[in-house]
Amino acid sequence: MLNHDKSVSENWVNHLNIYVGNESDLWLRGYYNNFRQVEILHDRLSGIIIDRREPRTMFLLSSRPYLPITYIMTMSIIEDISGKVAIVTGASSGIGEATARLLANEGVRVVLAARREDELEDLAAQIELDGGDSLVVPTDVTDDADIQQLVDQTVDAFGQVDILINNAGVMLLEEVQDADTDNFQQMVDVNLSGLMKLTHAVLPIMQEHGSGHIINISSVAGRKSFPGSSVYSATKFGVNGFSEGLRQEVTGEGDIRVTLIEPGFVDTELDDHIPDEERKQQTKEVHETMDSLTSEDIARSITYAVGQPARVDVNELLIRPTQQEL
Ligand SMILES: NC(=O)c1ccc[n+]([C@@H]2O[C@H](COP(=O)([O-])OP(=O)(O)OC[C@H]3O[C@@H](n4cnc5c(N)ncnc54)[C@H](OP(=O)(O)O)[C@@H]3O)[C@@H](O)[C@H]2O)c1
């Protein structure tokens, strides 16, 4: 038997199952499961070949069999998602920007949608520098023609839509009595109607492919309401209701998944647009006193959800800063 050095992790070694393939040759064969990178530390082992046709199989080239080996494994918690196509709305800043960047790092072809074209172009240039692939489609999600154009341009460029990240949102906090009702309308149009209409436009493409993943960005405010957040919360409660109904509708239609992401306080530009100065100041103070989440924290959660095997639908992720009580 091969003498394993189990110094790294007993469990991981058990997953690797290395055995000597054939005593007459010097190949060692092993299976691995979700191990993206396996580094073998031994001067007699001259390399690793990962069989691309069967990514769970790897071959270790050895100068002689029965070598004691030490190995360090970097386990990936996500599957290979490279080559998939993701539309990310609200990609010009905050959570959307971080998510697009992280997905592009994983080899996903990202379609960057928001109103501020310059920000999208800057992001696309950075993604390209890092070796990624993206497409900029300036989009106002409150405009039906823009939504259709976003979907059409994505399909023209990449042929499909595997992942839709409905992230665009505005949070115009103010008490109902004092509020400008145009702000009510804007929150409903962006946070809820835009999300539902884009989903409606993308769903047939996913249904035709028999697979797809819709990620809807809700909020803690989709579970709780606070003074000043009535309308914002109403839109996010709406996103929660829509997502669960949609999930049930598409269950059994191939592998179409729906995931709801509900962040707590994330330090982004979202607060900059709060019309009530007092509330804006209060929100800013929260970020100064609390170790708020970063956009990258949420981007990792989204990437975790889309990186699960097709049989796994992460339905809901509620993510608060550790110091956030409500
Ligand atoms: N930050 C938080 O604490 C927090 C907590 C829970 C949930 N969320 C949710 O997370 C999502 C992202 O917000 P964020 O925190 O990352 O804030 P952000 O930096 O302000 O990002 C909001 C994004 O939405 C886009 N957007 C706004 N109106 C749009 C429209 N009509 N059409 C297309 N895109 C539009 C903005 O781009 P343009 O201005 O360029 O169009 C921007 O890219 C939102 O849905 C928000 O409700 C945030």
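Computed from a predicted model, the values in this text were never measured in an experiment. Residue numbers restart at each chain and count upward from 1, following the sequence in its written direction. Given that the model is predicted, a residue must reach a pLDDT of at least 70 before its local features are reported, and side-chain atom pairs must reach 80 or more before they are shown or counted; all residues, however, enter totals for whole chains, interfaces and linings.

### Some details on the overall build of the protein chain
Elements are defined by DSSP. Helices are runs of H or I of four residues or more, strands are runs of E of two residues or more, and each kind is numbered from the N terminus. Counting its regular elements, the protein chain contains eight helices and 13 strands. Counting other C-beta atoms within 10 Å of a residue's C-beta gives its exposure: the residue is buried at 20 or more, exposed at 12 or fewer, and partly exposed in between, where C-beta atoms are placed from the backbone. Each of the 326 residues in the protein chain was classed as buried or not, and the buried ones make up 35%. Here, residues touch in the contact sense if the C-beta positions derived from the backbone fall within 7 Å of one another. Counted over contacts in the protein chain with a minimum sequence separation of 6, partners at least 24 positions apart contribute 69%.

### With respect to the environment of Val220
In this fold, Val220 is placed in the loop between strand E11 (211–217) and helix H6 (230–250). In this structure the C-alpha to C-alpha distance between Val220 and Arg320, which are 100 residues apart in sequence, comes to 7.9 Å. Look past the residues within four positions of Val220 in its chain and what remains in contact with it is Glu262, Gly264, Leu318 and Arg320.

### Re the packing of helix H5 (residues 181–209) against H6
Note on geometry: axes are lines fitted to C-alpha atoms, helical ones only across the stretch in contact, with angles between N-to-C directions running from 0 to 180 degrees. Axis separation between H5 and H6 bottoms out at 9 Å; the angle between their running directions is 15 degrees. It follows from the interaxial angle that H5 and H6 lie roughly parallel. Remark: the crossing between H5 and H6 carries right-handed chirality. Contacts between H5 and H6 involve Phe184, Met187, Val188, Asn191, Leu192, Leu195, Met196 and Thr199 from the first element and Val231, Tyr232, Thr235, Lys236, Gly238, Val239, Phe242 and Leu246 from the second. Of the residues assigned to the contact of H5 with H6, the class counts are eleven nonpolar, four polar and one charged. Each angle is binned into one of four classes, with values under 35 degrees roughly parallel, values over 145 roughly antiparallel, values of 65 to 115 roughly perpendicular, and all other values oblique. Helix crossings fall into two classes, left-handed where the near helix is turned counterclockwise from the far one by less than a right angle and right-handed where it is turned clockwise. Three classes are used, and their members are as follows: Ala, Val, Leu, Ile, Met, Phe, Trp, Tyr, Cys and Pro are nonpolar, Asp, Glu, Lys and Arg are charged, and the others, Gly among them, are polar.

### Observations regarding helix H8 (residues 295–306)
Each residue after the first adds 1.5 Å to the expected span of a helix. Taking 1.5 Å of rise per residue, the twelve residues of H8 would be expected to cover 16 Å, and the 17 Å separating its terminal C-alpha atoms lies within 8% of that figure. All of the buried residues along H8 are Ser295, Ile298, Ala299, Ser301, Ile302, Thr303, Ala305 and Val306. Close packing links the buried residues of H8 with helix H2 (94–105), strand E10 (163–166), E11, strand E12 (255–263) and strand E13 (316–319).

### Considerations on the confidence of the model for the protein chain
Across the chain, each position has a pLDDT score giving the predictor's confidence in that residue, from 0 to 100. Here the protein chain averages 84 in pLDDT, while 77% of its residues score no lower than 70. Scored below 50 in pLDDT, residues 1–47 makes 88 contacts in the model with residues more than four places away or belonging to other chains. Here residues 49–59 is a poorly scored stretch, pLDDT under 50, and it has 18 contacts once near neighbours within four places are set aside; other chains count.

### Section: the sheet that holds E13
In short, DSSP must find at least two bridges between two strands for them to pair. Strand order in the open sheet formed by seven strands is E9-E8-E7-E10-E11-E12-E13, and the pairing between neighbours is parallel. Only two strands of the sheet have a single neighbouring strand rather than two, namely strand E9 (134–138) and E13. On average, each strand axis in the sheet is tilted by 15 degrees relative to the strand beside it, whichever way the strands run. Here five bridges tie strand E7 (residues 85–89) to strand E8 (residues 109–114), and the two strands are oriented parallel to one another. Considered in E8, the bridge of Ala86 is made with Val110.

### Digging into the site of the ligand
What surrounds the ligand is a group of 29 residues, the closest being Gly90, Gly94, Arg115, Arg116 and Gly169. Here the element with the most residues in the shell around the ligand is H2; it accounts for three residues. For the shell around the ligand, the residue count by class is twelve nonpolar, 13 polar and four charged. By definition, a residue lies near a molecule or strand when the C-beta atom built from its backbone is within 6 Å of it.

### Topic: the nonpolar core
Put simply, a nonpolar core is a cluster of buried Ala, Val, Leu, Ile, Met, Phe, Trp, Tyr and Cys residues tied together by C-beta atoms within 7 Å. In this structure, Ala86, Val88, Val110 and Leu112 are the most contacted members of the largest nonpolar core, which totals 62 residues. When residues in this core are grouped by element, the largest group, seven residues, is from H5. For Val110, the contacting residues outside a window of four places in its chain are Ala86, Val88, Ala100, Leu103, Ala104, Ile127 and Ser134.

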